[in-house]
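The primary structure of each chain is shown beneath.
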Amino acid sequence: MRTRRRNAVTVHLLVAAALLALSGCGERDSRRVINLWHQMRPEDRAVLAERIEVFERDHPGVAVRALYKETEELRSGLVSAVLADKGPEVIYGPSDVVGVYQAMGALADMSAWFTSAEEKAFDPRAVVRLPDRTDPARKDLVFLGDRFGNHLALVYNRRLIPRPPATTAELVELAKANTVDENGDGQSDRYGLVWNYTEPFFVIPFLTGYGAWIFEDEATTRREGRRDPQPTLDTPEAIAAYRFVAALRNEHRVLPRSADYETATALFRAGKAAMIIDGDWSWQNYLTTPGLDAAVALLPTVAETGLPMAPMVAPKGYSLTSFATGEQADEAMELILFLTGEETQRAFLAQQRILPSRLALRDDPLVTDDPVMALSVEQAERGRAMPTTVAMRAVWDAMRPPYQLMMAGQLDAAEASARMQHDALARIETITGQTTPDGSAFVVYALAAGALAALLAFLRRHFRAFGVDWRRNRLAYVLVLPSIVLIFLTVLYPLAYNIVLSFSNMSLTNLRDWEIVGLRNYASIATGGESQVFWQIFVKTLFWTAINVFFHVTIGVLLAVTLNGPVAGKSFYRVMLIIPWAVPAYITALTWRGMFDEQFGAVNQMIRGLSWMNGFLPDMLQLEPINWLGQATPAFAACIIANVWLGFPFMMVIALGGLQGIPAELYEAARIDRASRWQQFRMITLPMLKPVLVPAVTLGAVWTFNNLNVVWLVSNGGEPADQTHILVSYVYKAVFNLYQYGYGAALSMVLFFMLLTFSLLFLGKTRATEAVY
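Rules and cut-offs
Residues numbered from 1 in each chain as written. Predicted model: local features only at pLDDT ≥ 70, side-chain atom pairs only at ≥ 80, totals over all residues. Heavy atoms only, no water. 1 Å grid on protein atoms, 1.4 Å probe; cavity = no way out; pocket = protein on both sides within 12 Å on 5 of 7 lines; lining within 4 Å. Points joined across faces, edges and corners; volume = space filled by probe spheres on them. Helix = DSSP H or I, 4+ residues; strand = E, 2+ residues; numbered from the N terminus. Nonpolar A, V, L, I, M, F, W, Y, C, P; charged D, E, K, R; others polar. Domains from an automatic or database assignment. Phe/Tyr/Trp six-rings, centres within 6.5 Å; stacked < 30°, edge-to-face > 60°. Buried < 20%, exposed > 50% of the residue type's maximum accessible area, 1.4 Å probe, protein only. Lys NZ or Arg CZ within 6 Å of the ring centre and 35° of its normal. Pairing = 2+ DSSP bridges. Axes fitted to C-alpha atoms, helices over the stretch in contact; angles between N-to-C directions. Contact = heavy atoms within 4.5 Å. Parallel < 35°, antiparallel > 145°, perpendicular 65-115°, else oblique. Left-handed = near helix turned anticlockwise from the far one by under 90°. Polar contact = N/O pair within 3.5 Å; in protein donor to acceptor, adjacent residues only side chain to side chain.

A. Main features of empty space enclosed by the protein. Applying the stated criterion to the full structure yields two cavities of 30 Å³ or more. For the largest cavity, the full set of lining residues is Gln39, Leu74, Ile91, Tyr92, Gly93, Pro94, Val97, Val98, Tyr101, Phe143, Gly317 and Ser319. If you list the elements that add at least two residues to the lining of the largest cavity, you get β3 (90-94), α4 (98-103) and β10 (312-320). Tallying contributions element by element places β3 first for the lining of the largest cavity, with four residues. A class-by-class count of the residues in the lining of the largest cavity yields eight nonpolar, four polar and no charged. What the second largest cavity holds in volume is close to 30 Å³. Forming the walls of the second largest cavity are Pro256, Arg257, Ser258, Asp597, Glu598, Gln599 and Phe600. Residue composition of the lining of the second largest cavity, by class: two nonpolar, two polar and three charged. Looking at the lining of the second largest cavity, you find at least three residues from each of domain 2 (152-310 + 391-432) and domain 4 (540-744).

Written out as structure tokens, the structure is:
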């Protein structure tokens, strides 16, 4: 009895302490809070903080909490906010994503707070209206820009090019003249022109210069009776533009053989490129680079058409979210109008040279007297507004793989453009299409009810035992309760929720009102249009896992056996060999990506350094630089090499710990019996290491199978042309690029059961838990 009372008192004290901790003892801010999620650069955030401080001083009852979020983080955060119906009141970012936010139901109409007279003060491209989700005939004001940016221009090195080209013909001639092999090794040491030609965003000015655009015009859309414009990626004008761009690399050879954004930037800043096409976010860095006499010029006119190359222009600005209601919405709109007001835009203009969206500020001396700002205005006025439709993401994803293959010389312009158009239409249908329940939905409900009934029947006896034991061991259950709650919230509930989603049609347009549609997602994986791609990537993933785990174990055990012997300085070697495992994976992956650069990477530099051996080697073994990241097989091999480097230290540590537990008497007896070192290793070391290696191999296989970081970072998201994906990166793109959350949940469940089956079978077959003797 005393024990029960003591336990009861303890329980009461624990509960009281928890309530006290939750209640807090500090003063709470009584001001109403407006949460602002933004994507401003670090240098812009200081100006934003100053302006928020002024706003809070003018509105003493309001507190603004500004929180920076990366693009993907903000997008996924909004998805979670829509599902929970609770999120930030204001968001800030580029205009090209507002179509997605509107489709998911995250934005509110700002028309009630924004008059037509105020709208006239803004550049029309900075005010975005989209069809209402419930009444498409009505346009909602969902975006109000405070600046223009992301438009491309030509930056040139005046030490190499005194005057910028006015036409594309001059551009080619200047680029040829400045593409130079300085040391006569057959490799260009300086290029006439560079840009990030892995991303289709940078090819847009060439499209517009040839009279093409990525979507049909509004008149065509209305005439054809379509709600949304269709992509126009395969027109004759577009093909001519692609052909010209591909010729710069493959015919004129004025571009590097590979050039992502970092490579292009590094080449120009080092004086290894005469011209670069880059955005306004980078110009100041070029203009202030020591030893580089850089200047900014307008993009040239296309000689064949007489049309200027017009870049995409994307304003950045604010949106009111659907989570703000009543008085809070009024205050949030006051904040938006304040931050897009003339005074705030002038502050950003003065301190950060931001191109304002208010037309009156375009005549400010800070703009007209600054040559770079004046040119930025002129280039932006030539540009075309980036579409805000949901289909924009599908178009980018459809353009990227064929564009990369075309630049690599593996596709001609006509074939690449046809593939772009076909893939864009398919992806748009995937994003906007609706899946309805079929007959298998009833089967899913029946199976779910049967599984729940079976579970309750199985747990019935355990519930009775729990009721009896609760009266005797209340304190024990109270102490273990936090762990049970944590496991439920982080493991059981997400798993159950993911299983339910895998049978649903949850997607961008029905985040809240999704429904069970049956087995369609699983059928699509097995036999649908994407099934062939899925199974091809599955086979590639098996190879990826097997080859990585093989080298992890082989190298790890070999090093462990070596370090376990009489090696001088073994402590130093242990520390050095653990470093690849200790360094964050993303840093290692990006380092390897730089090392695998075709022209400037350390790997190819080493190969060139060994080229003297070619005189002694047969033709099939000649050492030649490899285009590691521009071709599918070498890129996949590069990912494997980087992952082997990351993974072998773990196996080494595990094996080293197991070796130190093997009795020395066994080896002494083996030597007396005249067993060779190989026999000792095979008959003693490996069997004794089995209990520690088999679980480690199982974990390593699971980790490698699910390793997104290395593939994503080394290959830059599956490049070239989505040919280096493994299943986990394929699932990631399916979920976050095409917003197919139901289909993605089904894919993840397939992966889960694959790995669960492998783990159970492997551990069972190897009998890892049995004793060695």
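Don't stop here, the text continues.
B. Expanded view of the packing of aromatic side chains. By the definition in use, this model includes 28 aromatic pairs. Between Trp592 and Phe596 the ring centres are 5.5 Å apart and the planes differ by 25°, which places this aromatic pair in the stacked class. The exposure classification of Trp592 matches that of Phe596, with both residues buried. Measuring from ring centre to ring centre gives 5.2 Å for Phe752 and Phe753, while their planes differ by 70°; the resulting arrangement is edge-to-face. Each member of the aromatic cluster is reached from another via a ring pair, and the members are Trp195, Tyr197, Phe206, Tyr210 and Phe244. One Lys or Arg, Arg45, reaches over the ring of Tyr68 and ends 3.8 Å from the middle of that ring. Positioned above the aromatic ring of Trp213 is the side chain of Arg384, whose terminal nitrogen or guanidinium carbon lies 4.1 Å from the ring centre.

C. Main features of the sheet that holds strand β6 (residues 152-157). Spatially, the four strands line up as an open sheet ordered β7-β8-β6-β9, and their pairing is mixed. Bordering the open sheet on either side are β7 (191-194) and β9 (294-297), each of which pairs with just one other strand. The average undirected angle you get between the axes of adjacent strands in this sheet is 20°. The pairing of β6 with strand β8 (residues 273-279) spans five bridges and is classified as antiparallel. Residue Leu152 lies in a different strand from β8, and its bridge partner there is Gly279. Lying over the sheet, helix α10 (residues 261-269) contacts β6, β7, β8 and β9, oriented at roughly 135° with respect to β8.

D. Looking closely at the packing of helix α21 (residues 531-564) against helix α27 (residues 677-705). Interhelical geometry of α21 versus α27 gives an angle of 140° and a closest axis separation of 10 Å. The orientation of α21 relative to α27 falls into the category oblique. Once α21 is placed against α27, the crossing between them reads as right-handed. Across from Thr541, Leu542, Trp544, Thr545, Asn548, Val549, His552, Val553, Val557 and Val561 in α21, the residues of α27 making contact are Phe681, Leu693, Val697, Gly700, Ala701, Thr704 and Phe705. Residues that form the contact of α21 with α27 fall into these classes: 11 nonpolar, six polar and no charged.

E. How the structure looks around the packing of helix α9 (residues 236-250) against helix α16 (residues 391-407). Where α9 meets α16, the axes come as close as 9 Å, and the angle between the chain directions of the two elements is 45°. Comparing the axis directions of α9 and α16 gives the class oblique. Taking contact as the criterion, the partners of Tyr242, Val245, Ala246, Arg249 and Asn250 in α9 are, on α16, Met399, Tyr403, Met406 and Met407. Across the contact of α9 with α16, the residue classes break down as seven nonpolar, one polar and one charged.

F. Structural detail: the side chain of Thr685. By secondary structure assignment, the location of Thr685 is in helix α27. Ignoring any residue separated from it by four or fewer positions in sequence, one finds Thr685 in contact with Leu659, Ile662, Tyr667 and Gln680.

G. Expanded view of helix α29 (residues 727-736). The element α29 is largely enclosed, with a buried count of eight among its 10 residues. Among the residues of α29, Leu727, Val728, Ser729, Tyr730, Val731, Lys733, Ala734 and Val735 are the ones counted as buried.

H. Broad picture of unusual backbone geometry. In this structure, Arg674 is a non-glycine residue whose phi angle is positive, near 60°. With respect to the helices, strands and loops of the structure, Arg674 is situated in the loop between α26 (664-672) and α27. Although it is not a glycine, Tyr739 sits at a positive phi angle of roughly 60°. Its location among the elements puts Tyr739 in the loop between α29 and α30 (741-766).

I. Region of interest: the environment of Trp281. Checked against the element boundaries, Trp281 lands in the loop between β8 and α11 (283-287). Given the relative accessible area of 30%, Trp281 is considered partly exposed. Trp281 sits 132 residues away from Gly149 along the chain, and the two C-alpha atoms are 7.4 Å apart. Contacts of Trp281, omitting those with residues within four sequence positions, involve Arg41, Asn150, Leu152, Phe201, Phe202 and Tyr261. Polar contacts involving the side chain of Trp281 include one to the side chain of Tyr261, which spans 2.8 Å.

J. Quick look at the domain arrangement of the chain. What the domain assignment reports for the chain is domain 1 (29-147 + 316-383), domain 2 (152-310 + 391-432), domain 3 (438-485) and domain 4 (540-744). A separation of 48 Å is found between the C-alpha centroids of domain 1 and domain 3.

K. Geometry of the side chain of Gln421. Inspection of the secondary structure assignment puts Gln421 in helix α17 (residues 413-432). A relative accessible area of 12% places Gln421 in the buried class. Beyond its immediate sequence surroundings of up to four residues, Gln421 is in contact with Pro231, Thr232, Leu233 and Asp234.

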